[in-house]
Amino acid sequence: MKKLIASVALGTLLVAGFLFSQDNQPADTAMDLEPSIFSIGNTGSFF
Amino acid sequence: MEIGPYIKLHRIKQEMTQAELAEGIVSFAYLSKIENQKTEASPDVISLLCTRLGIQLDNEKDITIKEKCQQWFGQLFEVNNKEEIKKNYKELEELMETTHSESLVMYEIHKIRYFLILGEKEEALKQINSLAEISSTFDSLHQFYWYKFKGNYNSTDGEFNQAMRMYKLAEDKLNQLDLAEEEIADLHYTIAVTHSKLRNTLESIDYADRALDIFRIQYNFIRCAQCHILLGISYRRIKMYDKSIKNHNLAKHLGNLSKNKQVIQLTNQNLGYLHSTKGDIKEAIHYYTEVVDDPEVDLNARLTAVTSLIKEYYNIYNIDQTKEMIEKGMELLEGDVSETYRLYRYVINTYDYAIKQEKEKFESLVIDEFIPYLRKHKDYANLVVYANMLGKHYEKVSKYKDSVKYYKLANLTYEELVNL
């Protein structure tokens, strides 16, 4: 029983910790785009 | 280039064995010594070997080849017409096949970059493999480009750690060489992009600043804009938003001056993401929409903007607009089954199932395909987002055990991401 309570508490802490960190420090969702390592022309690609 | 490695390179290109080339001229053991520069053969022997390989020893022609090579190498670094680059490549290819040129090795090394610019990754890899056999004979200048272009191949392949190792080896060669400033700036810029991909923010700022100092003196507007975009991304990551916006605006200004649509829309995409992370959804949508509505922008960029809009609209529960963007994304991807856009297909389908509340399809897609795909590609940022989305979904349907499992995955991945 103690183990169960401990695991539930740990789980809750993990979730709460994650949500807290998400609110305060938004995750980088990889939607920023670096320019290409090659030169980019008007007809070329970004990447 | 010494004649020995030159003969070896031509023999390998023509898929000849040492025995085949040496037959009737010298023993194949002696040929091996010539190729590996362990002996100096007589001019007669060299002449016979070159004749068998179909190569002329013509000094005057070599000067022309050298000039043509320099022109072509330059085209690989600047914004240029691909057709022009291809035409010059064909011409050089014909000349190199029949004439002994000092520039051959440098030309063969630059072919790696040429294939990458044309998007022919497999050809680039073949070229790397064939050059690996003679790489021990490269001088410092050859090595500089050899490492740099191998790094370019790794970058194109998404292997940024390996790419960084190669760029650092190229950088180590700089103090042994007297290279033009723009060559150094180009390497620094490439390192800055790679640091940014690896989320080494401060290093990316450092190298982008160094490259920018040189590109600015040379009035290279496009390269300056590319550096400003990198700085904009890096300052956003360390939450220096004003500095980030300033850099993006400078990039956009330079894009306007050069009338370069790709630079302008790349800036809009990044400004959209900046406002999204700041919580200013209206502004984010404004910038993303500019990219989506521009028909001149390439497919990859439009898909990035469309998927960004799907996420924004979904997060503010704007169902109609989310559906509209999903449809737009599907339209853009219609008939495409390539690996290049697989990530976008997963994103669009995930939101499509989520919005239609097709629970089984949603779970099966995210668990069986999308998450393993993100893990395989070490795409931690997206893994956090979609593991979290799955966690929320299970929480909503009261499957708390599964919910905790995916929140935990998101949490651990997030730690991985910030430790990168």
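Rules of the game
- Residues numbered from 1 in each chain as written.
- Chains lettered and ligands numbered in written order.
- Predicted model: local features only at pLDDT ≥ 70, side-chain atom pairs only at ≥ 80, totals over all residues.
- Heavy atoms only, no water.
- Helix = DSSP H or I, 4+ residues; strand = E, 2+ residues; numbered from the N terminus.
- Buried < 20%, exposed > 50% of the residue type's maximum accessible area, 1.4 Å probe, protein only.
- Areas by Shrake-Rupley, 256 points an atom, 1.4 Å probe, with all protein chains shown as cover.
- Salt bridge = Lys/Arg side-chain N within 4 Å of Asp/Glu carboxyl O.
- Expected span 1.5 Å × (residues − 1).
- Arc of directions from axis to C-beta.
- Core = buried A, V, L, I, M, F, W, Y, C linked by side-chain atoms within 4.5 Å.
- Domains from an automatic or database assignment.
- Contact = heavy atoms within 4.5 Å.
- Axes fitted to C-alpha atoms, helices over the stretch in contact; angles between N-to-C directions.
- Parallel < 35°, antiparallel > 145°, perpendicular 65-115°, else oblique.
- Left-handed = near helix turned anticlockwise from the far one by under 90°.
- Nonpolar A, V, L, I, M, F, W, Y, C, P; charged D, E, K, R; others polar.
- Phe/Tyr/Trp six-rings, centres within 6.5 Å; stacked < 30°, edge-to-face > 60°.
- Lys NZ or Arg CZ within 6 Å of the ring centre and 35° of its normal.
- Patch = residues over 30% accessible without salt bridge, like charges linked within 9 Å, V, L, I, M, F, W, Y side chains within 5 Å.
- Lys, Arg positive; Asp, Glu negative; His and termini not counted.
- Charge placed at Lys NZ, Arg CZ, Asp CG, Glu CD.
- pLDDT = per-residue confidence, 0-100.

An unreviewed UniProt entry annotates chain B as Transcriptional regulator of Virgibacillus oceani.

In the nomenclature of an unreviewed UniProt entry, chain A corresponds to Phosphatase from the organism Virgibacillus oceani.

Student: For this particular structure, what's the right way to read the overall build of chain A?
Tutor: Within chain A one finds one helix and zero strands. Taking all 47 residues of chain A together, the buried fraction comes to 43%. Summed over its atoms, the accessible surface of chain A is roughly 2,700 Å², and 69% of this surface lies on carbon and sulfur atoms.

Student: Where do I start with the pattern of salt bridges in this structure?
Tutor: It is possible for side chains of opposite charge to pair when their charged atoms get near one another. The tally for this structure, following the rule as stated, stands at 18 salt bridges over all chains. The partner of Lys 356 of chain B in a salt bridge is Asp 352 of chain B, with the nearest N and O atoms 3.2 Å apart. Relative accessible area serves as the criterion here: at 8%, Asp 352 of chain B is assigned to the buried category. The structure contains a network of salt bridges with shared partners spanning Glu 34 of chain A together with Lys 197 and Arg 237 of chain B.

Student: Explain helix α18 (residues 319-333) of chain B to me, please; I cannot follow it from the model alone.
Tutor: The α-helix advances 3.6 residues per turn, and as a result positions three or four apart in sequence lie on the same side. Residues and elements named next belong to chain B. Taking 1.5 Å per residue as the helical rise, α18 with its 15 residues ought to reach 21 Å, and the 21 Å between its terminal C-alpha atoms agrees with that figure. Inspection of α18 places Thr 322, Met 325, Ile 326, Gly 329 and Leu 333 among the buried residues, and these make up the whole buried set. Along α18, the residues classed as buried sweep out an arc of 105 degrees about the axis, all on the same side. Those residues of α18 that are exposed and angled more than 90 degrees off the buried face are Asp 320, Glu 327 and Glu 331. Immediately beyond the C-terminal end of α18, within one or two residues, lies Gly 335, with a positive phi of roughly 80 degrees.

Student: Looking at this structure, I do not really get the nonpolar core. What am I missing?
Tutor: General note: in soluble globular proteins, nonpolar side chains tend to be found buried as a group. Residues and elements named next belong to chain B. By size, the foremost hydrophobic cluster in this structure holds 88 residues, and its most contacted members are Trp 72 and Tyr 107. The element best represented in this core is helix α7 (residues 104-117), accounting for 10 residues. A domain-level breakdown of this core finds at least three residues from each of domain 1 (3-55) and domain 2 (182-243). Residue contacts for Trp 72: discarding those within four places in its chain leaves Ile 85, Asn 88, Tyr 89, Leu 92, Tyr 107, His 110, Lys 111 and Tyr 114. Counting residues in hydrophobic clusters, the runner-up holds 44 residues, among them Val 297, Tyr 313, Phe 370 and Val 385.

Student: Please clarify how the packing of helix α12 (residues 201-217) of chain B against helix α13 (residues 221-237) of chain B should be interpreted in this entry.
Tutor: How two helices sit against one another is set out by the angle between their axes and by the gap between those axes. Residues and elements named next belong to chain B. At a minimum axis separation of 9 Å, α12 and α13 run at an interaxial angle of 155 degrees. Comparing their axes, α13 and α12 come out roughly antiparallel. In the crossing of α12 with α13, the sense of the turn from one axis to the other is left-handed. Together, Thr 201, Ser 204, Ile 205, Ala 208, Asp 209, Ala 211, Leu 212, Phe 215 and Arg 216 of α12 and Arg 223, Cys 224, Cys 227, His 228, Leu 230, Leu 231, Ser 234, Tyr 235 and Arg 237 of α13 make up the contact between the two elements. Residues of the contact of α12 with α13, tallied by class, amount to 10 nonpolar, four polar and four charged.

Student: Quick question: what am I supposed to make of the domain arrangement of chain B here?
Tutor: One frequently used descriptor of interface size is the decrease in accessible area upon assembly of the parts. By domain assignment, chain B separates into domain 1 (3-55), domain 2 (182-243), domain 3 (260-356) and domain 4 (358-420). Each of domain 1 of chain B and domain 2 of chain B was reduced to a C-alpha centroid, and the two centroids are 47 Å apart.

Student: Is there a simple way to explain the packing of aromatic side chains in this structure?
Tutor: For any pair of aromatic rings, the description rests on two quantities: the centre-to-centre distance and the angle between the ring planes. Residue and element names in this part refer to chain B. Considering all chains together, one arrives at 19 aromatic pairs over all chains under this definition. Both rings, one in Tyr 89 and one in Tyr 107, keep their centres 6.5 Å apart while their planes meet at 25 degrees; by these two values the pair is stacked. One end of the pair, Tyr 89, is in helix α6 (residues 82-98); the other, Tyr 107, is in helix α7, with 18 residues separating them in the sequence. By relative accessible area, which is 13% here, Tyr 89 ends up buried. Three or more aromatic residues joined by ring pairs make a cluster, and in this case those are Trp 72, Phe 73, Tyr 89, Tyr 107, Tyr 114 and Phe 115. In this structure, Arg 210 is placed above the aromatic ring of Tyr 207, and the distance from its NZ or CZ to the ring centre is 4.4 Å.

Student: I'm lost on the side chain of His 188 of chain B in this one. Help?
Tutor: Among the secondary structure elements, His 188 of chain B is positioned in helix α11 (residues 181-197). Ignoring anything within four residues of it in the chain, the contact list for His 188 of chain B reads Glu 171, Leu 174, Tyr 207, Arg 210 and Ala 211 of chain B.

Student: Help me understand the environment of Cys 50 of chain B in this model?
Tutor: On the secondary structure map, Cys 50 of chain B appears in helix α4 (residues 43-53). Distance in space between the C-alpha atoms of Cys 50 of chain B and His 195 of chain B is 46 Å, their sequence separation being 145 residues.

Student: Whenever I open this one, α12 of chain B confuses me. Can you help?
Tutor: All names here are of chain B. Under the 1.5 Å per step criterion, the end-to-end length of α12 is 25 Å for 17 residues, consistent within 8% with the ideal 24 Å. Within α12, burial applies to Thr 201, Ser 204, Ile 205, Tyr 207, Ala 208, Ala 211, Leu 212, Ile 214 and Phe 215. Those residues of α12 that are buried are in contact with α10 (160-173), α11 and α13. Of the residues flanking the end of α12, it is Tyr 219, one or two places downstream, whose phi is positive at about 50 degrees.

Student: Explain unusual backbone geometry to me, please; I cannot follow it from the model alone.
Tutor: Glycine aside, residues mostly have negative phi, and peptide bonds are mostly found in the trans state. With a phi angle near 65 degrees, Lys 239 of chain B is a residue other than glycine that sits in the positive phi range. Relative to the assigned elements, Lys 239 of chain B resides in the loop between α13 and α14 (241-257).

Student: What should I look at first to understand a negative patch on the surface in this one?
Tutor: Residues and elements named next belong to chain B. Negative charge collects at one region of the surface, where Asp 320, Glu 324, Glu 327, Glu 331 and Glu 334 lie side by side. As for its placement among the helices and strands, Glu 334 is situated in the loop between α18 and α19 (342-355). Classification of Glu 334 as exposed rests on a relative accessible area of 66%.

Student: Please explain the confidence of the model for chain A as it appears in this structure.
Tutor: Detailed conclusions should not be drawn from predicted coordinates in areas where pLDDT is low. Residue and element names in this part refer to chain A. Confidence in the prediction for chain A averages 59 pLDDT; 28% of positions are at 70 or higher. Overall, residues 18-29 carries pLDDT values under 50, and its contacts beyond four positions in sequence, including any with other chains, amount to 28 contacts. Here residues 42-47 is modelled with pLDDT under 50, and outside its nearest four sequence neighbours on either side it reaches 24 contacts, counting other chains as well.

Student: I tried to follow the environment of Thr 99 of chain B on my own but got confused; where do I start?
Tutor: All names here are of chain B. Along the chain, Thr 99 turns up in the loop between α6 and α7. For Thr 99, a relative accessible area of 0% gives the class buried. Separated by 12 residues in sequence, Thr 99 and Lys 111 place their C-alpha atoms 18 Å apart.

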